[in-house]
Amino acid sequence: MAEAYGLWPGVVAIAADANLFCVPCAERLYGDEAIQAVVDAEPGWGKYQDHEGNPFGVVLRWSADAHTQYCAAPGCGERLCEDYCGCYQHPELWQQHGIVWVEGGP
Ligand SMILES: [Zn+2]
Ligand SMILES: [Zn+2]
């Protein structure tokens, strides 16, 4: 899965231009300086914007926003949620019912 950076418990993805990107891809697309400021929530990070002129968002590790998501950058496709998370085995459960499938669960 994607590596986590910065803010506890770690930033696994950057929300920009209506997509989610893993941190290395976001750095490639938007520049190291901007993304590192966002990941570390440095003072003034809100002044950085994506290509549509919106401020960046962050997705923290283990947050609901990461379920069933993959990095949107061409050629990457890194899983943004934990590899062991059941959301990838049955993404329709999460997308339609907001339930994360658990192996051996009820
Ligand atoms: Zn990526
Ligand atoms: Zn998940």
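Residues numbered from 1 in each chain as written. Chains lettered and ligands numbered in written order. Predicted model: local features only at pLDDT ≥ 70, side-chain atom pairs only at ≥ 80, totals over all residues. Heavy atoms only, no water.

### As for the coordination of the zinc ion (ligand 2)
Logical step 1: For the zinc ion (ligand 2), the protein coordination sphere consists of H67 (ND1), C81 (SG), C85 (SG) and C87 (SG), at 2.0 to 2.3 Å.
Logical step 2: Taken together, the four donor atoms surrounding the zinc ion (ligand 2) define angles of 101 to 117° at the centre, an arrangement classified as tetrahedral.
Logical step 3: Here the donor residues of the zinc ion (ligand 2) share one chain and are spaced in sequence as H-x13-C-x3-C-x1-C. By the burial criterion, C85 is buried, and C87 matches it. (Donors = N, O, S within 2.8 Å, 3.2 Å for Na, K, Ca; no water. Tetrahedral: all angles 85-135°; square planar, octahedral: opposite > 155°, others 65-115°. Buried < 20%, exposed > 50% of the residue type's maximum accessible area, 1.4 Å probe, protein only.)

### Focus: the coordination of the zinc ion (ligand 1)
Logical step 1: The zinc ion (ligand 1) binds to the protein through C22 (SG), C25 (SG), C71 (SG) and C76 (SG); the donor distances cover 2.2 to 2.3 Å.
Logical step 2: Around the zinc ion (ligand 1) sit four donor atoms; with metal-centred angles ranging over 104 to 117°, the donor geometry is tetrahedral.
Logical step 3: Counting gaps between the donor residues of the zinc ion (ligand 1) yields the pattern C-x2-C-x45-C-x4-C. Grouping residues by exposure puts C22 and C25 together as buried.

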